[in-house]
Amino acid sequence: MKNIYSNIFSFNKKTLGKSIANLKKGNVIGLPTETVYGLGGNAYSKMAVQKIYNLKKRPKNNPLIVHYLNYKDADKDVIFNRDFYKLYKKFCPGPITFVLKKKDKSKIQSSVTAKLNTVAIRFPSHRTTRSVLKKLNFPLAMPSANLSSGISPVNALDVSDEFKKKIKIIINSGNSKIGIESTVVSLVGKPKILRPGIIAAKTIKKFLKITIIKKSSKISSPGMLKKHYSPGIPVLLNQKKADKNCALITFGKKYKNKTNCFNLSKKSDLKEAASNLYKTFRKIKKQGFKKIYVVKIPHSGAGIAINDRLKRAAN
Ligand code: TXA
Ligand code: MG
């Protein structure tokens with residue numbers, strides 16, 4: 001029988017070799033990270049970056065995150081500052097992205113940064129993607145591997161659902177542990193959180209004075225589009241129950257196990273809930289529900305990141 005997922009490969013030496021060869025040729029591939037799966041390509045190659053924007057149907061004014069193995073590799077592209085070193089030491093490699101000033105002599109394509117003079121950089125902790133980065137002499141521009149404004153993929157099958165056979169390689173490393181995108185922190189001028197994530201503001205505040213940007217400002221983050229993370233069906237927030245034929249996303253043990261109920265975390269663990277959010281959206285959509293009702297999710301810790309995504313999904 002023909003394998004319909006012939007572009008999904010488990011990670012081994014052969015897959016690593018193929019992935020490196022493809023990336024060096026300027027192709028893009030699907031890669032796992034601890035947050036969500038990414039669509040990676042050479043950040044120094046105009047052709048590779050173009051492919052990323054085209055595949056995702058991403059607006060050109062929404063810049064991409066550039067991924068490195070460690071800060072030494074990023075040194076040639078960005079200007080570090082004290083705030084960066086503080087957070088790097090504490091959280092990297094891991095689910096946090098830093099916006100910094102780009103160096104004039106950097107080889108990062110201007111299309112990666114949407115012509116801004118800043119670059120968003122990240123050091124993923126996922127072993128697979130680190131093995132790939134180790135073998136490259138260029139960083140990876142890597143947005144989440146989904147069509148623009150949709151929800152991020154958390155496993156190889158999700159990526160395949162988004163792009164079908166349009167990409168040749170998707171490396172399968174199971175489900176992304178965290179399940180939502182990295183925290184994006186701007187360290188240009190006063191430190192600001194542009195996108196909340198699993199590393200919460202409260203945690204960062206232990207090391208650095210930082211503010212959360214509530215409204216998306218045009219200059220600081222052109223990509224923080226209001227409508228984003230959309231599952232493609234209406235989402236209603238702060239609900240107590242769902243209408244007939246609609247799905248209800250719940251949280252905590254007080255909800256009954258009905259067939260239209262999808263519990264993000266029975267034990268009321270917000271990190272677990274975050275890791276189940278996109279998976280649940282996809283499951284509900286696949287089962288053919290026409291609308292999603294969501295109960296109120298506590299607004300603290302990872303709940304802030306969850307509510308950010310829910311609000312955009314409902315927009
Ligand atoms: O967890 C993640 O960050 C995943 C994995 C694959 O690493 N990537 C990801 O990329 O979520 P993407 O492209 O879906 O989201 C990148 C976000 C966008 O909101 C974009 O606007 C913002 O980062 N961004 C990128 N460069 C920026 C810059 N120079 N200034 C401000 N925001 C920037
Ligand atoms: Mg994305």
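No experiment lies behind these values; they were computed from the predicted model shown.

Enquirer: Sorry, what's going on with the pairing of strand β10 (residues 183-186) here?
Expert: Remember that side chains alternate between the two faces of the sheet whenever the strand is regular. Along β10, one buried face is formed by Thr183 and Val185 and the opposite face, lined by Val184 and Ser186, is buried too. Of the pairings in the sheet, the one linking strand β6 (residues 96-102) to β10 comprises four bridges and is parallel in character. Among the inter-strand pairings, valine 99 is bridged to a residue of β10, identified as serine 186. The loop that links β10 with its antiparallel partner strand β11 (residues 192-195) comprises five residues; one of these, glycine 189, has a positive phi angle of about 75°.

Enquirer: Even after reading the chapter, I still don't get the pairing of β6, so can you show me in this structure?
Expert: With six of its seven residues buried, β6 lies for the most part within the structure. Bridge count between strand β5 (residues 78-79) and β6: two bridges; the pairing is antiparallel. Its bridge partner lying in β6, valine 78 is registered against lysine 102.

Enquirer: Explanation requested: helix α8 (residues 270-286) in the structure shown.
Expert: Since there are 3.6 residues in each turn of an α-helix, residues three or four apart along the chain are aligned in direction. A rise of 1.5 Å per residue sets the reference length of α8, with its 17 residues, at 24 Å; its end C-alpha atoms lie 24 Å apart and thus fit the reference within 8%. When the local axis directions of α8 are compared, the greatest deviation, roughly 40°, occurs at leucine 277. Within α8, burial applies to Leu270, Ala273, Ala274, Ser275, Asn276, Leu277, Tyr278, Thr280, Phe281, Arg282 and Ile284. The inward-facing, buried residues of α8 abut α6 (156-163), β14 (247-250), β15 (261-263), β16 (292-294) and α9 (302-314). You can read the cap of α8 off the contacts: a side-chain oxygen lies 2.9 Å from the backbone nitrogen of lysine 271, and it is on aspartate 269. The first or second residue beyond α8 is glycine 288, which carries a positive phi of 85°.

Enquirer: Just checking my understanding: could you explain unusual backbone geometry for this structure?
Expert: Across the junction of cysteine 92 and proline 93, the peptide omega takes the value -5°, indicating a cis bond. As for its position among the elements, proline 93 is in the loop between α4 (82-91) and β6. Located in the positive-phi region is serine 149, a residue other than glycine, with phi close to 75°. Structurally, serine 149 is set in the loop between β8 (140-141) and α6.

Enquirer: Would you take a moment to explain the domain arrangement of the chain for this structure?
Expert: Many structure descriptions define interface size as the accessible area lost when the parts assemble. Domain annotation of the chain identifies domain 1 (8-212) and domain 2 (235-314). The C-alpha centroid of domain 2 is placed 27 Å from the C-alpha centroid of domain 1. Taken residue by residue, the interface counts 20 residues in domain 1 and 14 residues in domain 2. Of all residues in domain 1, the largest losses of buried area upon contact with domain 2 belong to Ile151, Ile180 and Pro196, amounting jointly to 36% of the total for that side. At the boundary of domain 1 with domain 2, the tally comes to four salt bridges. Across the pair arginine 282 and glutamate 162 runs a salt bridge, and its minimum N-O distance is 3.0 Å. Inspection of the region where domain 1 meets domain 2 yields seven residue pairs in polar contact (both at pLDDT 80 or more). It is α6 that provides the largest number of residues to the side of domain 1 that touches domain 2, a total of three residues.

Enquirer: I tried to follow the sheet that holds β16 on my own but got confused; where do I start?
Expert: Spatial strand order, β13-β16-β14-β15: four strands in an open sheet with parallel pairing. At either margin of the open sheet sits one strand with a lone partner, and together these are β13 (235-236) and β15. When β14 meets β16, the two strands line up parallel, connected through three bridges. Bridge pairing links leucine 248 to tyrosine 293 in β16. The sheet strands contacting α8 are β14, β15 and β16, and the helix crosses β14 at an angle near 165°.

Enquirer: Explain helix α5 (residues 127-134) here, please?
Expert: Among the residues of α5, those classed as buried are Thr128, Thr129, Arg130, Val132 and Leu133. Buried positions along α5 lie against α1 (13-24), β2 (29-31), β4 (65-67), β8 and β9 (170-172).

Enquirer: Sorry, what's going on with the side chain of lysine 56 here?
Expert: By the element assignment, lysine 56 lies in helix α2 (residues 46-56). Buried charge without a salt bridge: lysine 56, with glutamate 162 as the nearest opposite-charge side chain at an N-O distance of 7.4 Å. For lysine 56, the side chain forms a polar contact with the main-chain oxygen of asparagine 146, separated by 2.7 Å. Ignoring anything within four residues of it in the chain, the contact list for lysine 56 reads Leu39, Pro143, Ser144, Asn146, Leu147, Ser148 and Phe163.

Enquirer: Is there a simple way to explain the environment of tyrosine 71 in this structure?
Expert: Here tyrosine 71 shows up in helix α3 (residues 71-74). Given a relative accessible area of 32%, tyrosine 71 falls into the partly exposed group. For the pair tyrosine 71 and alanine 21, spaced 50 residues apart in the sequence, the C-alpha separation amounts to 24 Å.

Calculation criteria
- Residues numbered from 1 in each chain as written.
- Chains lettered and ligands numbered in written order.
- Predicted model: local features only at pLDDT ≥ 70, side-chain atom pairs only at ≥ 80, totals over all residues.
- Heavy atoms only, no water.
- Buried < 20%, exposed > 50% of the residue type's maximum accessible area, 1.4 Å probe, protein only.
- Helix = DSSP H or I, 4+ residues; strand = E, 2+ residues; numbered from the N terminus.
- Pairing = 2+ DSSP bridges.
- Expected span 1.5 Å × (residues − 1).
- Bend = angle between axes of the 7 residues up to and from the residue.
- Contact = heavy atoms within 4.5 Å.
- Polar contact = N/O pair within 3.5 Å; in protein donor to acceptor, adjacent residues only side chain to side chain.
- Domains from an automatic or database assignment.
- Buried area = accessible area lost by both parts, 1.4 Å probe.
- Salt bridge = Lys/Arg side-chain N within 4 Å of Asp/Glu carboxyl O.
- Axes fitted to C-alpha atoms, helices over the stretch in contact; angles between N-to-C directions.
- Lys, Arg positive; Asp, Glu negative; His and termini not counted.

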